[in-house]
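Survey of secondary and tertiary structure
One-letter residues, chain by chain:
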Amino acid sequence: MANARLLPLFVVLLLVPNCLADCYFHNPRGSNNRLNEKSANRRNANRCFDSQNNNRGGYNVGDKSNQAFTAETEQHRMRHFQSGPSSGGKSTLLLEWTNQHGCGGNENTDPHKLNCNHVIQYMCQPQQGGPTDDRDKLRNGANTNTQDFSPLNNARLLKTETQQQKQNRKNANVKTDRVLQESWEWYDKCRIRQRNQGLFTADQNLRSNNGLGYSAAIYTRQNPNGNRYGYECPEERDYYPYWHPTDWKDIAIMPFNVSLCSWYKSESYNVKMRYECIETYPNSNNIRHRSRWNNEADCKANGGQWTGFNNYLEYATQYTTETACNAANTNNAGIRYIWGIPHDVLATRLQARCLVALKAPDCVEGPWTRVNHLGNTRTGQASRYVWTLPHFPSGKEYNCVVRIRYNISTDDYDPFKTNSSHNENRVLGIRSPVQQNPNIDIGAGNTPLRLAINTAQYGRTFQDRSHVIKLIPRPTGFESATIHNINVRGKRGNIVQTYPAVEYDFIPNDVQIRVNDLVHFQWAGSNTHNNGNPAGDGQAGDAGEGTRGTDRNNIVQIRDKMENFPMPFENSTMWKNVELIWSGVGQPPASSNEDIAVTIASSGYYLCMRASTCQGQSMESKAELNNLLNNAPASFPGVMLRFKSRGTYYYISTRNNNFTNRSQKGVIRII
């Protein structure tokens, strides 16, 4: 069989060579493939995606109650309000992460010179009007098992497999109680599509047979044996910008040099069409989700249709013709529409539709962090990016996942000019510019020294992903308001026991807003953060207050950030001039300032003071709250408040703020 043709070099640059360097999301809480483990180590590194991180990293999914979940319906999904239709109605979420091997300092004069890239993306499904089959829905799952997969191992079936036979394979594989982010079709497509043979693979021997007689996109230099991680496609994971359509939407790109920004922004799938080969099932006009051919020439030569797909925010179903879609761009809401074919691996027909267009991603220089230190930037904070959440014109609620990919490069070879022509080939006398664990001559007679180089990792991508979160429509009447999110990062344990995760803190813990801005307080917590054995190469244990293994958080006002004793309500000022705009715990709209204070102080255990206001959820009627919040919910869906006057307010979590051990304090400044 003919080899796949080389794809153009401008799309094979991607994330360039690097060294060992883990990357962990702290807000939103990165899973690192965890779900609900009581151990410090995750149970299954292949559960959903290839993180390449330490087994100890990550945070469990949130529990709704004070009991560990037994079904996904008992899990808590963080809810964030979408931005409004006007430019003033922004909703922002602070993304925070740490990466182990540093970033930034690209200048030759910087003693910490590093070349790095961060790529932050998200994918979403509508809560209503999304996939009709539960097998296809985004979810965290209720156990830590990896989804199953039954591959085609007969080349004849590439042409003869019917749509029903494909569906039978899928139905036998996909379990509704296991995590799903990328779809079954996405991985099947990746396993059948030929890999890009223009890529630099050094001296790695990638498997050359996917069971169908050729090397596929599941084999990369970083994953030469094609190990499977959920339904992730290794080639798409390792390279950016990817040369075929995907379900991921770009938020921000952080290169080591901002001179690359114009190129990255123009090449983003947000704004640039991507192509793939489309074939049909035998004796049918329905399209397959997959094809072997990865380029236009081979696609057409084998009877396929080389088709361009547009990335998009959501369908604009109200515009059913291209004329109406284009005419809608005269709107004054800043929404742009395009007419094109959406990428949908579940589709059985090619159908152009009116789509809400995406903007080019933001592009800023990667934040500086120190080498070999999973810590802060020069500002004293972990690496951060403020995401302005999208506005979905349909008014629908969306389930989403956020991912970050991190890469660090060396200058040992030119990442932008090194390609497949430099791969090791002893027959042709070609030596890779980097070799596995080479011995080097330093001129000391016959005493060579050995370098620690793993060429599978000398150009390595790391990633972390959130659990499923929700992006929800705003309350009516607040389309133009600015919304700030205040969350909690961290988990149970001291600094050694939680590492490479972190201890509790509010995030952001120092917020400046304007009068009448809205603040959404909410957090997620688990009842199984015991950090027990196996603990890998770290310390087991869950130092902290209250029931072992449990996360609990709350907010009470303190007079000054140097103090550790809360103010009694009658002396507090933080809640005096606030208005309840929305409650995720069912608080009555007419809640008093005292009711708001007691709800946040009890993490939603109480909803009000008096039974006349909220009946059985009041302090008067409900069983007494444990003084360490043990019987309070682990997660707090939150309240959104409007601060109506100027002031500066300090607050703490009573359970977790433990002087000389850990500090969990915050400040909000209203100007």
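Structural notes, computed from the coordinates. (Residues numbered from 1 in each chain as written. Predicted model: local features only at pLDDT ≥ 70, side-chain atom pairs only at ≥ 80, totals over all residues. Heavy atoms only, no water.)

1. A few points about the overall build of the chain
Along the chain, the regular secondary structure elements total 10 helices and 27 strands. Sorting the 671 residues of the chain into buried and exposed places 59% on the buried side. In the chain, of all internal contacts separated by at least 6 residues, the share reaching a separation of at least 24 is 74%. When the accessible surface of the chain is totalled, it reaches about 26700 Å², and 47% of it is carbon and sulfur. Between the mean site of the 75 positive side-chain charges and the mean site of the 59 negative ones, the chain shows a separation of 2 Å. (Helix = DSSP H or I, 4+ residues; strand = E, 2+ residues; numbered from the N terminus. Buried < 20%, exposed > 50% of the residue type's maximum accessible area, 1.4 Å probe, protein only. Contact = heavy atoms within 4.5 Å. Areas by Shrake-Rupley, 256 points an atom, 1.4 Å probe, with all protein chains shown as cover. Lys, Arg positive; Asp, Glu negative; His and termini not counted. Charge placed at Lys NZ, Arg CZ, Asp CG, Glu CD.)

2. Observations regarding the state of the cysteines
Going through the model one piece at a time under the given rule, you end up with seven disulfides. Residue pairing for cysteine 325: its cysteine sulfur links by disulfide to cysteine 354, the two sulfurs lying 2.2 Å apart. Linking cysteine 325 and cysteine 354, the disulfide has an S-S dihedral of approximately 80 degrees and is accordingly described as right-handed. With cysteine 325 in helix α7 (residues 322-327) and cysteine 354 in strand β11 (residues 353-356), this residue pair connects regions lying 29 residues apart in the sequence. Here cysteine 325 matches cysteine 354 in class, with each residue buried. Of all cysteine sulfurs, the one in cysteine 103 lies closest to cysteine 23, which takes part in no disulfide; the gap is 9.6 Å. Between cysteine 48, a free cysteine, and cysteine 233, which holds the nearest cysteine sulfur, the sulfur-to-sulfur gap is 14 Å. (Disulfide = S-S within 2.5 Å.)

3. Concerning unusual backbone geometry
With an omega dihedral of -5 degrees, the bond running from asparagine 27 to proline 28 counts as a cis peptide bond. In this chain, asparagine 533 is followed by proline 534 through a cis amide linkage whose omega measures 0 degrees. Secondary-structure assignment places proline 534 in the loop between β22 (518-523) and β23 (556-558). Unusually for a residue other than glycine, alanine 202 sits at a positive phi of about 60 degrees. Residue placement: alanine 202 occurs in the loop between α3 (184-192) and α4 (234-238). One non-glycine residue, asparagine 283, lies in the positive phi region at around 60 degrees. Positionally, asparagine 283 belongs in the loop between β8 (274-278) and α6 (296-301).

4. Considerations on the nonpolar core
Counting 38 residues, the largest nonpolar core has Ile120, Tyr385 and Trp387 as the members making the most contacts within it. If one sorts the elements of this core by residue count, strand β14 (residues 398-409) sits on top with six residues. Every residue in contact with tryptophan 387, bar those within four places of it in the chain, is listed here: Ser91, Thr92, Leu93, Leu95, Tyr122, Ile251, Val402 and Leu471. One finds Trp575, Leu641, Tyr651 and Ile668 within the second-largest nonpolar core, a separate group that totals 25 residues. (Core = buried A, V, L, I, M, F, W, Y, C linked by side-chain atoms within 4.5 Å.)

5. Overview of the side chain of serine 83
In this structure, serine 83 sits in the loop between β4 (79-81) and β5 (91-99). Residue class for serine 83 comes out buried when judged on its relative accessible area of 7%. Here the side chain of serine 83 touches leucine 389 through a polar contact of 2.5 Å, landing on its backbone oxygen. The contacts of serine 83, once residues within four sequence positions are left out, are Gly89, Lys90, Ser91, Thr388, Leu389, Pro390, His391 and Arg474. (Polar contact = N/O pair within 3.5 Å; in protein donor to acceptor, adjacent residues only side chain to side chain.)

6. Some details on a nonpolar patch on the surface
On the surface, Ile440, Ile442, Leu449 and Leu451 cluster together into a nonpolar patch covering about 310 Å² of accessible area. Along the polypeptide, isoleucine 442 turns up in the loop between β15 (439-440) and β16 (449-450). (Patch = residues over 30% accessible without salt bridge, like charges linked within 9 Å, V, L, I, M, F, W, Y side chains within 5 Å. Salt bridge = Lys/Arg side-chain N within 4 Å of Asp/Glu carboxyl O.)

7. Regarding the side chain of asparagine 27
Mapped onto the secondary structure, asparagine 27 falls in strand β1 (residues 23-27). There is a polar contact of 2.8 Å between the side chain of asparagine 27 and the backbone oxygen of leucine 94. Here the side chain of asparagine 27 touches asparagine 487 through a polar contact of 3.3 Å, side chain to side chain. Apart from residues lying up to four places away in sequence, asparagine 27 is in contact with Leu93, Leu94, Leu95, Glu96, Asn487, Val488 and Ile507.

8. Some details on the pattern of salt bridges
A full pass over the atoms with the stated rule returns 33 salt bridges. With a shortest N-O distance of 2.9 Å, glutamate 72 and arginine 77 are connected by a salt bridge. The two residues glutamate 72 and arginine 77 agree in class, both being buried. Between glutamate 424 and arginine 431 there is a salt bridge whose closest N-O contact spans 3.1 Å. Through salt bridges that share partners, Asp136, Lys166, Lys170 and Glu185 make up one connected network.

9. Looking at the packing of aromatic side chains
For any pair of aromatic rings, the description rests on two quantities: the centre-to-centre distance and the angle between the ring planes. Applying the stated rule across the entire model yields 19 aromatic pairs. Ring geometry for tyrosine 605 versus tyrosine 606: centroids 4.9 Å apart, planes at 70 degrees, classification edge-to-face. Exposure class is identical for tyrosine 605 and tyrosine 606. Each is buried. Members of the aromatic cluster, connected to one another through ring pairs, are Phe506, Phe521, Trp575 and Tyr651. (Phe/Tyr/Trp six-rings, centres within 6.5 Å; stacked < 30°, edge-to-face > 60°.)

10. Quick notes on α3
Given 3.6 residues to a turn, an α-helix orients residues that are three or four positions apart in the same direction. For α3, the buried fraction is high: nine of the nine residues fall into the buried class. Within α3, burial applies to Trp184, Glu185, Trp186, Tyr187, Asp188, Lys189, Cys190, Arg191 and Ile192. Next to the buried residues of α3 lie α1 (157-160), α2 (163-173), α4 and β8.

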